[in-house]
Amino acid sequence: MAIIADDQGRIFTLQTKHSTYQMKADAQNVLLHTYYGEKTDNSDKSLLFCRADRGFSGNPYEMGMRDRTYSLDSLPQEYSSFGTGDYRITSLRVQNKDGSQGAELRYTGYQVQEGKYAIPDLPAVYAANEEAETLVIRLADPYSGLEAELYYGILEEMDVITRAVKITNHGRDDIVLKKAASMNLDWEYGDFQWLSFYGRHSMEMNLQRETIHHGIQAVGSVRGASSHQYNPFVIMCEKGANETMGSCYGFSFVYSGEFLIEAEKDQIDRTRLICGIHPDNFSWILQGGGTLWLPEVIMTYSGKGLGKLSRNFHKVLREHICRGKWKTMRRPILINNWEATYFNFTGEKLIDIAKQAKELGIELFVMDDGWFGNRQDDSSGLGDWFPNEKKLGCTLKELAERITAEGMRFGIWLEPEGISEDSSLYRSHPDWVVGIPGRKPCLSRGQWVLDFSRKDVQDYIIKRISELFDGIPVSYVKWDCNRAICDKFSGMLDGSRQGEFAHRYVLGLYRVLEELTEKFPEILFEGCGGGGGRFDAGMLYYMPQIWGSDTTDAVERLSIQYGASFGYPVSAMGTHVSTAPNHQTGRVVPLSTRGCVAMAGTFGYELDLSGLTLEEKGEIKEQIGRFKKHYDLIQRGDYYRITSPLEGTCTVWEIADPSGKEALVSAVYHHVQANPVPVRVKVQGLKDEAVYQLLLNEDFKETYPDRRLPYGFGPGEVISGAALRQFGFLVPEAVNGFQAWQIYIKECPELGS
Ligand code: GLA
């Protein structure tokens, strides 16, 4: 039983394997947040609260003359509201018919449900009935008829609690939601730091760690999508927390649109965190009887540092967000023609790339941008999802069949949300473009956005793509989205409802994705937002992998993938080996290093194979063999960050089989130094009493440490898991710039004494 309600039905304790969460409806029916953290008992934690008169923090009317220590401004609450005495950042701000902005949420009841709740029309964690329980807590405003139902999904074994909110207007008058967050978390104690992930196009997911100070700190997006600039994922932790020690809390917003995650340290040093849809482009009219579900937040707590916290997220996203066949099936190794040709290709050229790729062991050919309409560059053609047969020299069907006849699967790039001014689609449907009447919408990458909030647009896209794929052996789709959205306005919404546009756009996108993924269950979908511009748990519900960044430079990718690893699994990160010098940075990185870094993701290639030497081709074959051999370990193993690319000379990460029978350690020298300090790897996730052999690089025929280090243990010798954990081994020195080493650690029971 993960949910424990006390006899009066007023204290609710949620127990996971290693954490406890508690809330309590107090005598005033205010729902207090009383505890979240290390696993403890079910006792009432509010007994430990200490209240004082905080002067200018006022008191609810019923308490005002009796007890000036009771203030909504200082009590830790489960779901706060604006305008009635809590002056901190808020979860809910409404506008009533008379223009006032007050709401007071009071506890009215609860319900425990078997299994994990689902959210209509929105992505959410799913689980078998025996894996999860749901708690619903009802709060209502006694004056307006507004009700907020707080949903908690508890996945006990995974240490995961999800939260979502359903708002209903039981009154007669319209209520406008001006801000409606999905969660509020108040800590009664603690100095926090938070880790957030900022970036830009081609340089996403930079880790930033800051102390939560007095005032408000926030990350968010008003760009239509979750964005390159900030990821909808944050971690709150105690100051000393590191990879293996300390308390930390993670929050992943299962939403691909505009979001706001705010933290505030208040006047008495308590901290509040709020996560939800960004209020700047949001207002929602709830008519009498109307309901709005707010997107889900996945929370997890780790008392054992950031590494464990990340592994909790990896597991829940891999197993309870990603769906469909490709969640567990080995995904094909692909080659994408984008960096090989950009827009400059013919059908014959593509077939030639596919043929060469096949010889190296690559399994899927992806035709990127430029195959449709009048699309010779990025200034035209978007929206015209009809093959350019003149350019291809054949029909799409013929091309796909010729590629599949070579023994390769066929994949295709689409950007269904984009539209060019110079396109047939725009000429026939100018009203389908997102834009403010009477103004020319802002261009970005020379293009506009299709109004996915409109049902007719959604229906058109579903139909067009279904017809396009009809009878064609499409195995893979790269679903791109190459600009942010501004000039927000939909011709289908009246003036008072334009604040609903941004959220309706995301709902429309989700509907299209739901229908298409259901219709084409065999197709592997990969998300993309000009790289990692829409890299979030919401997209992973529809497609199990997302192209991580338009930067394919292996050294830059180290920090992008390092940042992403805090919240997302290896199996979600789209990664390719590209050419050298790299197209984005001009950096020259050895092929072995490019392979090693791409193996911390879905793994594929994106370069002109005809320019490779025989030796390089041999190396690619070997890389593919190695990746396939260790596929399960890499994609489903436990991920450990050993060193950071943001400091030192060498980035090291490890993936261990959950049973401890094997591990793969990857090390890349990101900073080249003469006479560098050796890098020690304390291996995690092994069995202390078992013995292991360390095998180095290539097909792991060489035994560590070979001749490059003067100490260590010799060929054929083994070492215990305990020694590897406590003492560790040293990464061999670099013998070239940006050297990568992969060290495969294998249990050898036959060699044990
Ligand atoms: C985006 C993607 C690239 C490529 C181009 C094509 O930038 O991230 O990988 O598909 O679009 O226009």
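Refer to the structure above for everything that follows.
Residue positions within a chain follow its written sequence, with the count starting from 1. pLDDT decides what is reported in this predicted model: residues at 70 or higher carry local features, side-chain atom pairs at 80 or more are listed and counted, and totals for whole chains, interfaces and linings draw on all residues regardless. Derived side-chain values reflect all non-hydrogen atoms in the structure, with water molecules and hydrogen atoms excluded from consideration.

(A) How the structure looks around the pairing of strand β3 (residues 19-25). The rule is simple: take the accessible area with a 1.4 Å probe, protein chains only, and divide by the maximum for that residue type; under 20% is buried, over 50% is exposed, in between is partly exposed. For the purposes of this entry, the term helix denotes a DSSP run of H or I that reaches at least four residues, the term strand denotes a run of E that reaches at least two, and both are numbered from the N terminus. Most of β3 sits inside the fold, with seven of its seven residues counted as buried. Judged by which residues are buried, β3 turns out to be covered on both faces: Ser19, Tyr21, Met23 and Ala25 on one side and Thr20, Gln22 and Lys24 on the other are all buried. Between strand β2 (residues 11-15) and β3, which pair antiparallel one after the other, the connecting turn spans three residues. Bridge count between β3 and strand β4 (residues 31-38): seven bridges; the pairing is antiparallel. Considered in β4, the bridge of Ser19 is made with Glu38. Pairing between two strands requires that DSSP report at least two bridges joining them. Hairpin remark: β3 followed by β4, antiparallel, with five residues in the connecting loop; positive phi at Asn29, about 65 degrees.

(B) Geometry of the site of the ligand. The nearness test applies per residue and asks whether one of its heavy atoms lies within 4 Å of the molecule or strand. Near the ligand you find 13 residues, and of these Asp368, Asp369, Arg445, Lys478 and Asp550 are the closest. The contact in question runs from an oxygen atom of the ligand to an N or O atom on the side chain of Asp480, over 2.9 Å. Two N or O atoms form a polar contact when they lie within 3.5 Å of each other; inside protein one atom must be a possible hydrogen donor and the other a possible acceptor, and for residues adjacent in sequence the pair counts only when both atoms belong to side chains. Trp547 is positioned with one of its side-chain polar atoms (N or O) 3.4 Å from an oxygen atom of the ligand. For every accessible area listed, the method is Shrake-Rupley and the probe measures 1.4 Å; residues are considered covered only by the protein chains on display. Burial of the ligand by the protein amounts to 97% of the accessible area it has alone, namely 300 Å². Here the shell around the ligand is built from residues that sort into four nonpolar, three polar and six charged. Gly falls in the polar group here, along with every residue not listed as nonpolar (Ala, Val, Leu, Ile, Met, Phe, Trp, Tyr, Cys, Pro) or charged (Asp, Glu, Lys, Arg).

(C) Representation of helix α6 (residues 396-405) in the model. Buried residues of α6: Leu396, Leu399, Ala400 and Ile403, and no others. Relative to the axis of α6, the buried residues are bounded by an arc of 95 degrees and lie together on one face. Contacts are assigned to residue pairs with any non-hydrogen atoms lying within 4.5 Å of each other. In the core, the buried residues of α6 are packed alongside α4 (347-360), β21 (364-367), α5 (389-392), β22 (409-414) and α8 (455-469). Two residues or fewer past α6, Gly407 is found with a positive phi of approximately 90 degrees. Read the arc as the range of directions from the helix axis to the C-beta atoms.

(D) Spatial organisation of the packing of aromatic side chains. Side-chain rings of Phe, Tyr and Trp (the six-membered ring for Trp) are treated as a pair once their centres are within 6.5 Å; stacked means planes under 30 degrees apart, edge-to-face means over 60, and tilted covers the remaining angles. Here the structure, examined in full by the defined rule, presents 39 aromatic pairs. Taking 5.3 Å as the distance between ring centres and 75 degrees as the angle between the ring planes, the aromatic pair formed by Phe603 and Tyr605 counts as edge-to-face. Judged on exposure class, the residue Phe603 and its partner Tyr605 are both buried. Taking the centre distance of 5.6 Å and the plane angle of 85 degrees together, the rings of Phe627 and Tyr631 count as edge-to-face. Residue class for Phe627 comes out buried when judged on its relative accessible area of 0%. Ring pairs connect the aromatic residues Tyr21, Tyr36, Tyr152, Trp187, Phe192, Tyr249, Phe251 and Tyr301, which therefore count as one cluster. By the criterion adopted, a ring carries a charge over it if an Arg CZ or a Lys NZ lies within 6 Å of its centre and within 35 degrees of its normal. Over the face of the ring belonging to Tyr541 we find Arg323, whose NZ or CZ atom lies 3.6 Å from the ring centre. A cation sits over an aromatic face here: Arg680 above Phe727, 4.5 Å from the ring centre.

So, to be careful, I would describe these as geometric facts and stop short of saying anything about function.
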